[in-house]
Amino acid sequence: MDLNKLADALIPDENVKPLDYYETLFPERDLPKGAQVTRLAPSPTGFMHLGNLYVALANERIAHQSGGVFYLRIEDTDEKRKVEGAVEVIHSSLKYFDVIFDEGADLCGNYGPYYQRQRAEIYHAYAKELIKKGLAYPCFCTEEDLEKTREYQTENKLLPGYYGEFAKCRNLSEEEIYANLAAGKPYVIRLKSQGDVEVKHTFHDEVKGDITVTENNQDVVILKSDGIPTYHFAHAIDDHFMRTTLVIRGEEWLSSLPIHIELFKTLGFHLPKYGHNCSIQKVDGETRRKLSKRKDPEASLTFYREQGYHPTAVKTYMMTLLNSNFEEWMLKFPDKPLDEFKYSIGKMGKSGALFDILKLNDISKTIMATLSETEMYDFLKSWADDFGNEAQKSYFADKDYMLRVLTLCMGIGGKKRRKDFVCAKQAMEMIDYFFDSTFAPVYEYRFDKETVKTILQGFKATYVYADDMQTWFEKVKAVATASGFATDMKAYKADPTAFPGNVSDVAEMLRIATTGLYNTPDLWTIMQILGEERTFARLDKAVAAL
RNA sequence: GGCCCCAUGGUCAAGCGGUUAAGACACCACCCUUUCACGGUGGUAACAUGGGUUCGAGUCCCGUUGGGGUCACCA
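Because the structure is predicted, anything quoted here is derived from the model rather than measured.

A. Examining the protein's contact with RNA strand B more closely. Lining the immediate environment of RNA strand B, one finds 57 residues, of which Ser43, Lys224, Lys359, Arg418 and Arg511 sit closest. Restricting attention to atoms of RNA strand B within 4 Å of the protein, one finds that 74% of them are sugar or phosphate atoms. The contact in question runs from a sugar or linking oxygen of RNA strand B to an N or O atom on the side chain of Glu75, over 2.7 Å. Residue Arg418 places a side-chain N or O atom 2.5 Å away from a base oxygen belonging to RNA strand B. Per-element tally for the surface near RNA strand B: the top contributor is helix 21 (residues 503–515), with four residues. Residues that form the surface near RNA strand B fall into these classes: 19 nonpolar, twelve polar and 26 charged.

The following block contains the structure:
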């Protein structure tokens, strides 16, 4: 059989150049010794998974820490899953988390194009080469054909797939091939696998350590019937020509590693290093599973933006899962930027971590507590601009007022910063009582109405806006005493039954009356911020509601 | 089901042949405190299981069990 002729018949791409051309076009990168070239290679589905950020962070850190390159490649070989504007989503999502690419799709770079669909010519050149060498062949099997053999294999407990005796098109005669071609039958190009599943090798995975890989014996599809490569083929070609040195990817790829190893070998390419990291999991009923795009809102990166999680918080949490010694480092050097941490691929966990939003929240609170009031103002405002309702947007009309609110709620100026704010959404809800437009209290006192009324009215009669905190509190105590409440905590603790309550209960009533809440920062300051008029109005409103 | 990966408290995890088995989150108690928080102190809680190897095993080996991943013209 004339394989050169066959190759031309099968892949009539006029743009194909001799193989040397590509090797010179994409030369070895000139980088310092030890520098790693890594990448993120998402599909443009319009959905960015937490796992995308997770793996991006690992690749980014390793590349930049080693003086290498981190680039973005778009794996758009699946027409069905492609979504308009998806690349924009990829960029904006990662930009929010400050993950920076050195080159790649929609950026500069000498190793492009970075969209796989635009690289057809290269794939075709190499597919042709394999056909010419007799290492790839056309397959005319229909979906039904494949389904049938799969059924047979399953019934007979055989390894499923297209291989060996089941690879019907492997040994098609020249006449049969050209007859099929003439009949216009659609075809794919398959690799003629030289592997043997009985043969196993030890492979060094950068995160898992030494693992066992079985040789591939599947005649995998390398070019689909539309001439577009499958992931496997594109991966081998692209990571070779983009000169990737290290591939950190999810462990769901581990099982196709044998295919990739064979492909690199068959193409004559040097295999990059691989590290397969575990996916983030979640408890679902009795068992755990991968965070699911469909079932778990927190699987989506947009979730964190909508909730207004600070990007550093999410990144920090990802880092604690990514590198086991990161948290300790962070606790030791709370003021150092993330980038100063020495990321180590060897410290990546071998087993999948459960996503723990409580832990994220804790980290979030700590990060939020490092912001200044103006930084917080800007952060909340930008969240509100994108996701807030009209009322929340209006909070920013009076900047000075908002800054006073934030200063109080963040505990700035106090001995220790407060850690009430978890994310922008929650923070905005937490401060809504400062704004009459959203102030809709549900008064729930732990004392009977008469008692509350007496106390509120008693306080109102003595409250003077200009009082300092000490004077103010003396008045609270006086009101408490008038109703028989204890002001001496020691006396109260000694015999709680001797009093209807203590001064903290009185403070609670006043707090509920002015804010509608049990938990708020210092009440005196709240009243100072609200202003005299509004404070009285709130007390009146509370009394009227009794 | 075949193949591969994994296995220390509820969660993330340190440990890499000899430790009273760290630390963080969560939880509980107490302290601080006019309130709410923050903070501080202490506490509950773990080496899946059975065999080996060894003077000695969470650590090495094998089996079992459990969990996860994967078996496409999807990535």
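Additional details are given in the paragraphs that follow.
B. Quick look at the pattern of salt bridges. One pass over the full model with this rule turns up 33 salt bridges. A salt bridge links Glu121 to Lys17, with the nearest nitrogen and oxygen atoms 3.1 Å apart. A residue pair is termed long-range when its members are at least 10 positions apart, and Glu121 in helix 5 (residues 120–132) and Lys17 in the loop between helix 1 (3–10) and helix 2 (19–25) qualify at 104 residues. Judged by relative accessible area, Lys17 falls into the partly exposed class, the value being 29%. A salt bridge links Arg446 to Asp505; the nearest nitrogen and oxygen atoms lie 3.3 Å apart. In this pair, Arg446 sits in the loop between helix 17 (424–430) and helix 18 (449–462) while Asp505 sits in helix 21, placing the two residues 59 residues apart along the sequence.

C. Representation of the sheet that holds strand 4 (residues 136–139) in the model. Across the sheet, which stays open at both edges, the three strands sit in the order 4-5-8 with antiparallel pairing between neighbours. Two strands close off the open sheet at either side, each with one partner strand: strand 4 and strand 8 (221–223). Looking at each pair of strands side by side, their axes are set apart by 45° on average, direction ignored. Of the pairings in the sheet, the one linking strand 5 (residues 188–191) to strand 8 comprises two bridges and is antiparallel in character. Bridge assignment links Arg190 to a residue of strand 8, and that residue is Val221. The strands touched by helix 5 are strand 4, strand 5 and strand 8; relative to strand 8, the strand with the most contacts, the crossing angle is about 125°.

D. Molecular detail of empty space enclosed by the protein. Under the defined criterion, the tally for this structure stands at one cavity of 30 Å³ or more. Taken as a whole, the largest cavity holds about 50 Å³ of empty space. Lining the largest cavity are Lys365, Met368, Ala369, Met376, Cys409, Met410, Arg417, Arg418, Lys419, Asp420 and Phe421. Its residues assigned to classes, the lining of the largest cavity shows six nonpolar, no polar and five charged.

So, how was this worked out
- Residues numbered from 1 in each chain as written.
- Chains lettered and ligands numbered in written order.
- Predicted model: local features only at pLDDT ≥ 70, side-chain atom pairs only at ≥ 80, totals over all residues.
- Heavy atoms only, no water.
- Near = heavy atom within 4 Å.
- Polar contact = N/O pair within 3.5 Å; in protein donor to acceptor, adjacent residues only side chain to side chain.
- Helix = DSSP H or I, 4+ residues; strand = E, 2+ residues; numbered from the N terminus.
- Nonpolar A, V, L, I, M, F, W, Y, C, P; charged D, E, K, R; others polar.
- Salt bridge = Lys/Arg side-chain N within 4 Å of Asp/Glu carboxyl O.
- Buried < 20%, exposed > 50% of the residue type's maximum accessible area, 1.4 Å probe, protein only.
- Pairing = 2+ DSSP bridges.
- Axes fitted to C-alpha atoms, helices over the stretch in contact; angles between N-to-C directions.
- Contact = heavy atoms within 4.5 Å.
- 1 Å grid on protein atoms, 1.4 Å probe; cavity = no way out; pocket = protein on both sides within 12 Å on 5 of 7 lines; lining within 4 Å.
- Points joined across faces, edges and corners; volume = space filled by probe spheres on them.

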